[in-house]
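Secondary and tertiary structure notes
One-letter residues, chain by chain:
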Amino acid sequence: MPELGFASALPSRLSGRHYASPLSNHPRLATAIAVPTASRSSSATGGGRGSAMEDAYARSVSEVLDAFGVDPSKGLTDAQVAENAKIYGRNSTPFWKLILKQFDDLLVKILIAAAIISFLLALIDGETGLTAFLEPSVILMILAANAAVGVITETNAEKAIEELRAYQADVATVLRNGCFSILPATELVPGDIVEVGVGDKIPADMRMVEMLSNHLRVDQAILTGESCSVAKELDRTIATNAVYQDKTNVLFSGTVVVAGRARAIVVGVGSNTAMGSIREAMLKTEDEMTPLKKKLDEFGTFLAKVIAGICILVWVVNIGHFHDPSHGGIVRGAIHYFKIAVALAVAAIPEGLPAVVTTCLALGTKRMARLNAIVRSLPSVETLGCTTIICSDKTGTLTTNMMSVSKVCVVHSVHHGPMTSEYTVTGTTYAPEGLVFDAAGVQLEFPAQFPCLLHIAMCSALCNESILQYNPDKRNYDKIGESTEVALRVLAEKVGLPGFDSMPSALNMLSKHERASYCNHYWEHQFKKVSVLEFSRDRKMMSVLCSRKQQEIMFSKGAPESILSRCTHILCNEDGSSVPLTADIRSELEARFHSLAGEDTLRCLAFALKRMPLGQQTLYPEDEANLTFIGLVGMLDPPREEVKNAILSCMSAGIRVIVVTGDNKSTAESLCRQIGAFEHLDDLSGYSYTASEFEELPPLQRTSALQRMVLLTRVEPSHKRMLVEALQNQNEVVAMTGDGVNDAPALKKADIGIAMGSGTAVAKSASDMVLADDNFASIVAAVAEGRAIYNNTKQFIRYMISSNIGEVVCIFVAAILGMPETLVPVQLLWVNLVTDGLPATAIGFNKQDSNVMTAKPRKVNEAVVSGWLFFRYLVIGAYVGLATIAGFLWWFVYADSGPKLPYHELVNFDSCSLRQTQYPCSIFDDRHPSTVSMTVLVVVEMFNALNNLSENQSLLVIPPWSNPWLVASIVLTMVLHLLILYVRPLSILFSVTPLSLADWTVVLYLSFPVIIIDEILKFFSRNNRGRRFNLRIGRRDLLPKREARDK
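Residues numbered from 1 in each chain as written. Predicted model: local features only at pLDDT ≥ 70, side-chain atom pairs only at ≥ 80, totals over all residues. Heavy atoms only, no water.

**Things to note about the environment of glutamate 422**
The line we're drawing: What counts as a helix is a DSSP run of H or I of at least four residues, what counts as a strand is a run of E of at least two, and both are numbered from the N terminus. Whether two residues are in contact is decided by their heavy atoms, any of which lying within 4.5 Å being enough.
Mapped onto the elements of the fold, glutamate 422 is located in strand β13 (residues 420–425). For the pair formed by glutamate 422 and valine 633, sequence separation is 211 residues and the distance between their alpha carbons is 9.5 Å. Contact partners of glutamate 422, with chain neighbours within four places excluded, come to Lys407, Val408, Phe437, Asp438, Ala439, Arg592 and Leu596.

**Here we look at the nonpolar core**
Which entries qualify depends on this criterion: By nonpolar core we mean a set of buried residues, namely Ala, Val, Leu, Ile, Met, Phe, Trp, Tyr and Cys, connected to one another through side-chain atoms within 4.5 Å. Working definition: with a 1.4 Å probe on protein chains only, accessible area under 20% of the residue-type maximum means buried, over 50% means exposed, and in between means partly exposed. A domain assignment, automatic or from a database, supplies the domain bounds used here.
Residues Met368, Met769, Phe776 and Phe892 are the most contacted members of the largest nonpolar core, which totals 119 residues. Counting residues per element, this core draws most heavily on helix α30 (residues 776–817), which supplies 20 residues. Looking at which domains feed residues into this core, each of domain 2 (291–365 + 783–848 + 860–1023) and domain 3 (373–399 + 640–774) gives three or more. Residues within four places of methionine 368 in sequence aside, it is in contact with Ala373, Val375, Val381, Leu384, Met769, Ala782, Glu785 and Ile789. The next biggest cluster of nonpolar side chains, apart from the first, holds 41 residues, and it includes Cys459, Cys463, Val495 and Leu497.

**Focus on the UniProt feature "transmembrane region" (unreviewed entry) in the protein**
Short version of the rule: UniProt positions are given in the numbering used here, feature names are shortened, and annotations may be inferred rather than shown by experiment.
Per the UniProt entry, the sites bearing "transmembrane region" (unreviewed entry) are residues 106–124, 130–152, 299–317, 337–363, 796–819, 870–893, 965–983 and 1003–1020 in this numbering. Structurally, residues 796–819 is divided into 92% helix and 0% strand, and its ends, taken at the C-alpha atoms, are 32 Å apart. The span residues 1003–1020 shows a helical share of 94% and a strand share of 0%, and its end C-alpha atoms are spaced 28 Å apart.

**A few points about the side chain of serine 969**
If you trace the backbone, serine 969 turns up in helix α36 (residues 964–982). Those residues in contact with serine 969, other than ones at most four positions away along the chain, are Leu838, Pro839 and Ala842.

**Some words on a nonpolar patch on the surface**
The following threshold applies: A patch consists of residues whose relative accessible area exceeds 30% and which take part in no salt bridge; residues with like charges are grouped when within 9 Å of each other, and nonpolar side chains (Val, Leu, Ile, Met, Phe, Trp, Tyr) when within 5 Å. The Shrake-Rupley method, run with a 1.4 Å probe, gives the accessible areas here. Residue values count only the displayed protein chains as cover. For salt bridges, the criterion is a side-chain nitrogen of Lys or Arg within 4 Å of an Asp or Glu carboxyl oxygen.
A contiguous nonpolar patch, built from Val967, Val971, Leu972, Val975, Leu979 and Val983 and spanning about 430 Å² of accessible area, is present on the exposed surface. Position of valine 967 relative to the elements: it lies in helix α36. Here valine 967 falls in the partly exposed class, since its relative accessible area comes to 31%.

**Quick look at the pattern of salt bridges**
Scanning the model with the defined rule gives 19 salt bridges in all. In this structure, the salt-bridge partner of arginine 489 is glutamate 524, at a minimum N-O distance of 3.2 Å. Placement of arginine 489 in helix α17 (residues 483–495) and of glutamate 524 in helix α20 (residues 518–526) is noted, with a sequence separation of 35 residues between them. One salt-bridge network, in which partners are shared between bridges, spans Glu195, Glu210, Arg261 and Arg263.

**Re the sheet that holds strand β10 (residues 373–375)**
Paired through their backbone hydrogen bonds, the strands of a sheet run either parallel or antiparallel. Selection rule: Only when DSSP finds a minimum of two bridges between them are two strands counted as paired. Angles shown run from 0 to 180 degrees and are taken between the N-to-C directions of axes, each axis being a line fitted to C-alpha atoms and, for helices, limited to the stretch in contact.
Ordered in space as β10-β29-β28-β27-β11-β24-β26-β25, the eight strands form an open sheet in which the pairing is mixed. The sheet terminates laterally at β10 and β25 (688–690), the two strands that pair on one side only. Along the sheet, successive strands turn relative to each other by an average axial angle of 20°, direction set aside. Note: strand β28 (residues 752–756) against strand β29 (residues 769–771), three bridges, orientation parallel. Residue pairing in the sheet places methionine 756 in a bridge with leucine 771 of β29. Each of β24 (656–660), β25 and β26 (711–713) is contacted by helix α24 (residues 665–675), which is oriented at about 155° to β26, the strand it contacts most.

**A few points about α30**
To keep it simple, the criterion reads: Any helix carries an expected span of 1.5 Å times its number of residues minus one. What qualifies as a polar contact is a pair of N or O atoms within 3.5 Å, subject to a donor-acceptor requirement within protein and to the restriction that residues adjacent in sequence count only when both atoms come from side chains.
With 42 residues, α30 extends 61 Å between its outermost C-alpha atoms, agreeing within 8% with the 62 Å of an ideal straight helix rising 1.5 Å per residue. Taking burial as the measure, the 42 residues of α30 include 36 buried ones, the bulk of the element. Capping of α30 at its N-terminal end is provided by asparagine 775; its side-chain oxygen lies 3.0 Å from the backbone amide nitrogen of alanine 777. In the segment just after α30, glycine 818 is the residue with positive phi, at about 85°.

**Quick word on the pairing of strand β9 (residues 262–268)**
The buried fraction of β9 amounts to seven of the seven residues, a majority that puts the element mostly inside the structure. Here strand β3 (residues 193–196) pairs with β9 via four bridges, running antiparallel. From the neighbouring strand, glutamate 195 faces β9, where its bridge partner is arginine 263. Both strand β4 (residues 205–211) and β9 contribute to a ladder of six bridges, which runs antiparallel. Counterpart to arginine 207 in the pairing with β9 is isoleucine 265.

**Regarding the environment of asparagine 272**
For asparagine 272, the position within the fold is in the loop between β9 and α11 (274–283). Taking the C-alpha atoms as reference, asparagine 272 lies 8.4 Å from aspartate 205; in sequence the two are 67 residues apart.

**Comments concerning the packing of aromatic side chains**
Rules: Two rings belonging to Phe, Tyr or Trp (six-membered ring only in the last case) form a pair when the distance between their centres is within 6.5 Å. Interplanar angles under 30 degrees mark stacking, angles over 60 mark edge-to-face geometry, and anything in between is tilted. Charges are assigned to positions over rings by a cutoff of 6 Å between ring centre and Lys NZ or Arg CZ, combined with an angular limit of 35 degrees from the ring normal.
Under the defined criterion, the tally for this structure stands at 11 aromatic pairs. Ring geometry for tyrosine 522 and tryptophan 523: centres 5.1 Å apart, planes at 75°, overall edge-to-face. The partly exposed category is assigned to tyrosine 522, whose relative accessible area is 29%. Note on tryptophan 523: relative accessible area 4%, which makes it buried. Pairing tyrosine 689 with phenylalanine 694 gives two aromatic rings, centres 6.3 Å apart and planes at 70°, and the pair type is edge-to-face. Assigned by exposure class, tyrosine 689 and phenylalanine 694 land together as buried. Pairwise contacts between aromatic rings join Tyr522, Trp523, Phe527 and Phe555 into one cluster. Taking the ring centre of phenylalanine 527 as reference, the NZ or CZ of arginine 548 above it sits at 5.4 Å. Lying over the aromatic face of phenylalanine 694, arginine 702 brings its terminal NZ or CZ to 5.4 Å of the ring centre.

**Quick look at the sheet that holds β3**
Read from one edge to the other, the open sheet built from six strands follows the order β2-β1-β3-β9-β4-β7, with strand pairing classed as antiparallel. What marks the edges here is a single partner per strand, and that holds for β2 (179–184) and β7 (250–251). Sheet strands touched by helix α5 (residues 61–68): β3, β4 and β9. Its angle to β9, the strand with the most contacts, is close to 50°.

**Some thoughts on unusual backbone geometry**
The phi dihedral of asparagine 731 falls on the positive side, at around 60°, and the residue is not glycine. Assignment of secondary structure puts asparagine 731 in the loop between α27 (717–729) and β27 (734–738). Classification of asparagine 731 by relative accessible area gives exposed; the value is 51%. Unlike most non-glycine residues, lysine 900 shows phi in positive territory, near 55°. Tracing the chain through its elements places lysine 900 in the loop between α33 (867–893) and α34 (903–907). The class for lysine 900 is partly exposed, based on a relative accessible area of 47%.

**Re the packing of α33 against helix α38 (residues 997–1007)**
Operational definition: Note that the term roughly parallel is reserved for angles under 35 degrees, roughly antiparallel for angles over 145, roughly perpendicular for angles of 65 to 115, and oblique for everything else. Helix crossings get a hand from a simple test, with the near helix turned counterclockwise from the far one by less than a right angle marking a left-handed crossing and a clockwise turn marking a right-handed one.
The geometry of α33 relative to α38 is characterised by a closest axis approach of 10 Å and an angle of 155° between their N-to-C directions. In terms of orientation, α33 and α38 fall into the roughly antiparallel class. At the point where α33 passes α38, the crossing takes the right-handed sense. Across the interface between the two elements, Tyr879, Ala883, Ala886, Gly887 and Trp890 of α33 pack against Ala998, Asp999, Val1002, Leu1006 and Ser1007 of α38.

**Looking at the environment of serine 670**
With respect to the helices and strands, serine 670 occurs in helix α24. Residue serine 670 is classed as buried on the basis of its relative accessible area, which comes to 15%. Between the C-alpha atoms of serine 670 and aspartate 600, which are 70 residues apart in sequence, the distance is 7.5 Å. In contact with serine 670, other than residues within four places in its own chain, are Asp600 and Thr601.

**Quick notes on the confidence of the model for the protein**
How we decide: For every residue, the predictor assigns a confidence score, pLDDT, that lies between 0 and 100.
In the predicted model, the protein carries a mean pLDDT of 78, and 79% of its residues have values of at least 70. The low-confidence segment residues 1–51, where pLDDT is below 50, has 107 contacts with residues more than four positions distant or belonging to other chains. Segment residues 1029–1047: pLDDT under 50, and 44 contacts once partners within four positions in sequence are set aside and those in other chains are kept.

**Notes on the side chain of arginine 176**
Structurally, arginine 176 can be placed in strand β1 (residues 171–176). A relative accessible area of 13% means that arginine 176 is categorised as buried. Residues within four places of arginine 176 in sequence aside, it is in contact with Lys74, Gly75, Leu76, Val81, Leu183, Glu187, Leu188, Val189 and Asp192.

Okay, here's the thing in structure tokens:
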């Protein structure tokens, strides 16, 4: 099979080609060990279902191949694949668990109990058919709808995670039946022979069986945290108790090949890989309860006690009425008043609250998804609102994670003027877009006209094994290979080509795909590569021998100290001449190198060239002498442009940012100064620590350091979890970012775990939120959205509570006074679910306050309703209840269409059949009065919804049309109410009847004052009367507080 050059290094996902090549006659594989497929060692499969060959690293290549019974020249047969697929199973999460999760809520459980009791009472009372099932059926339908919203939203979040996996390598080049084919990684089975090359992500745990290049290097930082790529080999590992770093012949799933090509045999898939085992362990970790979830659970417990108390009180107060003849016996009397108690329970529970909370959070997740923050757990949305500390990774989150050349230093002239020249290069991504400026800040129109810049571009293009290409799906530039080499390719593009005055504009006319490496391809076409002397740790440099027009030239790049020590001449930028390298010039270059590497904290590389004898075909280390120095370049991982403003937003919002990185201290401190994290700080002592320095501090000093810390460097994944726990012990609400497998424990432990979209699947599984763009600014935007969502959630919870207080007052007062049943349970359900639910959901669309990111984070134990606000909503609720009773009373006593009964006759209705009356007792079964009561309740709550556009601002300041969704929901609610009043089948179902114009006039008279009452209460709130009231009542809360933070 012929070599394909760079094309063979392309991952199959990007190459866009599916191919199959017979390999039975491949010269390399012809010498490989052929093993009969009939025999199979029990050690490969004897560990039980799903087990992998755990000791493959300690075995020779032949032993591993023999254990799986695979011929390396042909791969597995279809029969073997089917057999292995049966032996090694996959894990999946049952869908029914997701559904049951939606019912794990105390309020929901209370409602289920109410539905069951309602059904049993109907049966005991002798009801059958529709009437018996109506109320429990409506309750259960609403609960099912609530569960559906939760399931759909959470599965949508999982789908978004699945979409992010497009950034991962999800295919593999597999040898089966003697042919190579490209298959989904999920179809791999132990024993498969897989070929990997530069840029490929390893699809499973695999044991190396054959090297197809001089060496193979893999970046496995996501698993082990190693900052440098690791060289892999074929020999068995002899270390006892070997850790991942010792298994140098194993390729781990999810790690990336950065150099070379090889073939390997799959020894572990799914949860039986190194990463899979960590992921499985993370999935068993229990989730922390969010602040709102705690409050709602406490509210549910509190509500359950209140409901039980009121129900018992109503039942006990009416014990004397159990034996009234109208009930037909003491048992039936007891059941009658028990039904009233159940009606009270239905009235007290805001049935729509779980559905409205879920819907509001779901709407919030959609808005956050547009901000590139994909929420995996709905309740975590509001937890963002009380985040006090964000622990952020440096690389990729605060920076672009795209190495970029920012400085170029060359020797200008040795005869006059400044000896060296320094150029600044703009552009912070892999896009070939950027300008070159000289030391005076003047832009170079044609950088390639300067000899040193031109030769640096040549050397950058030729001494390079990386690939840069445009990805139209993601609309950005992708790299394959080491970041530093890709940065040099981008530099070559920015310098351009010589000899064309129109070159900059001509390049801009190319398509993005062509432009990505146009100049690099030009130099590769001009210079034919003859030999490569690859990088080694002892030489700290690499060289490439090129041939062009009967000339042999060696280009070299490497560490500045290594290149300079081998140079005897320098190239002058002024005229392109080569002059001897004197001691003065050497010291000047060394000073510039130390300045770039020290003060500017740049990663530096030097370039050199040498003319070689004509016809030379091979390079040797001895050839790397008597070089001509070309220049220095300094590169960095630049900060994202939007991060500085995001850091300032956090500061004004009372959120502290701690930068957590494995990088060295000086580099990280330089970045923190650039992004404003060290704003107004000259002395960094007490603000910047390495992990070892922090661990060595005494306990008291460590506590003090946590309160001031801005930067923690040289960290390992275990340090992240330690930091989260220490901050949580100080009652901080911590958001932690991470992308690697070893970050998963810290992500799980944090109040908000934030995984990177480009990170590992394990990190995403452990997180609450995934950043699709890996951008710190997206975290800050998500925090603002989380605060707004909580404010809106708080508003509609208060709205629903005040409405339910009104219903309880109505039924309780009517029961105490001895009046007929003002509202039947099915009417209460209609009000709670539809007429309350729609406006409450619309309140979730209230616009984000302009000062949402200037207020300090709310406390975790802050009650949803407390003090003065509780008093306000008691007043509003009491008015709602009394207005509803007033409507009922008006029809019986004053309405022209009513019987105009004396008041004492109304409150003694239950003895009607025992007395001589001027009216039929059937008048108390008339549906008209309860219809008036229900309509008053609906309309007064529509006006009350308008009160909740703002907690304290008047409707004159924030008019109804500021939230068009709320206006629309009110209109829709009234239309639905009119339907049940005037459409016959519905009116019978809900025990209502059409109202006259006079009835509607009274309804409006009774309903509108709720706005006037709340405007007065808001006026007192704005004038601090409410704050004094809070102090007088000792700041008692409607929802009980937990002083100690839940662990």
